[in-house]
Number of protein chains: 2
Amino acid sequence: MSIETDIKQKKFRSPYQRLGLNLVYTSNWIQYQQMDIFREYDITSQQFNVLRILRGQHPSPIKVSDIAERMLDKNSNTSRLIDKLLVKKLVDRKSCPNDRRAVDVIITETGLELLKHLDPEIEAWEKNLARITPEEADLISSLLDKLRNS
Amino acid sequence: MSIETDIKQKKFRSPYQRLGLNLVYTSNWIQYQQMDIFREYDITSQQFNVLRILRGQHPSPIKVSDIAERMLDKNSNTSRLIDKLLVKKLVDRKSCPNDRRAVDVIITETGLELLKHLDPEIEAWEKNLARITPEEADLISSLLDKLRNS
DNA sequence: CCTCGATAATTGAAACATAAAATATTTAAT
DNA sequence: ATTAAATATTTTATGTTTCAATTATCGAGG
């Protein structure tokens, strides 16, 4: 369905307005679907995002501020996300030795284990995106990069 | 900057993974910028979304469920959004005569007035998107439609 | 015209997000 | 060595979202 049909708006002011609405709509569409997968594992998309970042660094620790910088949603309260993950024993946290203001976070074996189960489910879900070709996906990606280029 | 640089992830599993992350990231990027505009008028993006839908119908009223269906964020609690708009006298609400379960909502003159001031600001902001051509914007839009095509 | 399932909207409680203030530490400048 | 500004994180207060439960009404089938 076209964005026109989906949000029942017949006319747009410009291609840019249509694109903006389409991007937000499509991003929500993706996130709701993924949320259903995350829910089975009792985590949120934001928590998954943190775990993915931590795995990328493993076995090195990473500071809270560096996590915040890499998040898809820059406004997330990273401190509290980590609190939640700590309670579930998916991450460890300790004061950074070089800079005692900072806090080092590292993913636990339990956290890595959880991701190992989640990965194939996310990968399987991604097949839903194959309505466009890999080339088209790369084309959109590069146009989005150009769009944001500040 | 490429999404690789923005979220500091060097490798992606597939063009589809990169696209997914890029879409969510870019949608957040857009929404944070627009939020700065909405804030001056003391409304949120969700409230703006409702007002835009109501203006599209004006002077006809529209049911709460129809608003919900057209929202970009389907999970929004439309009832409570309308509560907020009602307090600010931007909308009116009354029981629907044909179906007494339903509630008809309509935008007020004050609401239309607010949009009239906001419009040029949003339009001006949209010029930021002109780093891509109108043709490229339409191309992304149609590929996103194809991507979601369920 | 009565019952039952479906639909429309609202609410309550818990979880979560946001913005601003607070705390602790580092860095840089005198 | 002392102060001031900057940085890293946490907390507080407030507002928003979410999920499930609730209330009210409609419409179809007996």
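Scroll up to find the structure this text is about.
Parameters at a glance
Residues numbered from 1 in each chain as written. Chains lettered and ligands numbered in written order. Predicted model: local features only at pLDDT ≥ 70, side-chain atom pairs only at ≥ 80, totals over all residues. Heavy atoms only, no water. Near = heavy atom within 4 Å. Polar contact = N/O pair within 3.5 Å; in protein donor to acceptor, adjacent residues only side chain to side chain. Nonpolar A, V, L, I, M, F, W, Y, C, P; charged D, E, K, R; others polar. Salt bridge = Lys/Arg side-chain N within 4 Å of Asp/Glu carboxyl O. Helix = DSSP H or I, 4+ residues; strand = E, 2+ residues; numbered from the N terminus. Buried < 20%, exposed > 50% of the residue type's maximum accessible area, 1.4 Å probe, protein only. Contact = heavy atoms within 4.5 Å. Lys, Arg positive; Asp, Glu negative; His and termini not counted. Pairing = 2+ DSSP bridges. Axes fitted to C-alpha atoms, helices over the stretch in contact; angles between N-to-C directions. Buried area = accessible area lost by both parts, 1.4 Å probe.

A. View of the protein's contact with DNA strand C. Residues in contact with DNA strand C amount to 19 residues; listed here are only the nearest, R101 of chain A together with R39, S65, S79 and R80 of chain B. At 3.0 Å from a base oxygen of DNA strand C is found a side-chain nitrogen or oxygen belonging to R80 of chain A. Tallied by class, residues from the surface near DNA strand C come to three nonpolar, six polar and 10 charged.

B. A look at the pattern of salt bridges. One pass over the structure, following the stated rule, counts 24 salt bridges over all chains. In this structure, E4 of chain A engages R18 of chain A in a salt bridge whose closest nitrogen and oxygen atoms are separated by 2.6 Å. Of this pair, E4 of chain A sits in helix α1 (residues 3–6) while R18 of chain A sits in helix α2 (residues 15–40); the two residues are 14 residues apart in sequence, bridging distant segments of the chain. What makes R18 of chain A partly exposed here is its relative accessible area of 21%. Across the pair R101 of chain B and D99 of chain B runs a salt bridge whose closest N-O atoms are separated by 2.9 Å. A relative accessible area of 77% means that R101 of chain B is categorised as exposed. Judged by its relative accessible area of 22%, D99 of chain B falls in the partly exposed class. Through salt bridges with shared partners, one network takes in E4 and R18 of chain A together with D138 of chain B.

C. How the structure looks around the environment of A102 of chain B. Residues and elements named next belong to chain B. Topologically, A102 is positioned in the loop between β2 (91–95) and β3 (103–107). Sequence separation of A102 and S65 is 37 residues, and the distance between their C-alpha atoms is 8.1 Å. For A102, the contacting residues outside a window of four places in its chain are K63, S95 and C96.

D. Spatial organisation of the side chain of R52 of chain B. Following the sequence through the fold, R52 of chain B ends up in helix α3 (residues 45–57). One buried charged side chain, R52 of chain B, makes no salt bridge at all; its nearest oppositely charged neighbour is D119 of chain B, positioned 7.9 Å away. In this structure the side chain of R52 of chain B is engaged in a polar contact, spanning 2.7 Å, whose partner is the side chain of Q9 of chain A. Those residues in contact with R52 of chain B, other than ones at most four positions away along the chain, are Q9 and L21 of chain A together with L115 of chain B.

E. Representation of the sheet that holds strand β1 (residues 62–63) of chain B within the structure. Residues and elements named next belong to chain B. Strand order in the open sheet formed by three strands is β1-β3-β2, with antiparallel pairing between adjacent strands. If you trace the sheet from one side to the other, it starts and ends with β1 and β2, each paired once. Across five bridges, β2 lies against β3 in antiparallel orientation. Looking at the pairing, V91 lines up with I107 of β3. Across the face of the sheet, α3 comes into contact with β1, β2 and β3 while running at roughly 90° to β3.

F. Examining the interface of chain B and chain A more closely. Opposite the 59 residues of chain B that make contact, chain A presents 59 residues. Carbon and sulfur atoms make up 58% of the area that chain B and chain A hide from each other, which totals about 6,200 Å². The three residues of chain B that bury the most area against chain A are Y16, L72 and R148 of chain B, which together make up 13% of that side's buried surface. Our enumeration of links across chain B and chain A arrives at 10 salt bridges. With a closest N to O distance of 3.0 Å, R148 of chain A and D6 of chain B form a salt bridge. Remark: the boundary between chain B and chain A carries 34 residue pairs in polar contact (both at pLDDT 80 or more). When contributions to the side of chain B that touches chain A are tallied by element, the ones reaching two or more residues are α1 (3–6), α2 (15–40), α4 (64–70), α6 (109–126) and α7 (134–148) of chain B. With 18 residues, the single largest contributor to the side of chain B that touches chain A is α2 of chain B. Grouping the constituent residues of the side of chain B that touches chain A by class yields 26 nonpolar, 16 polar and 17 charged.

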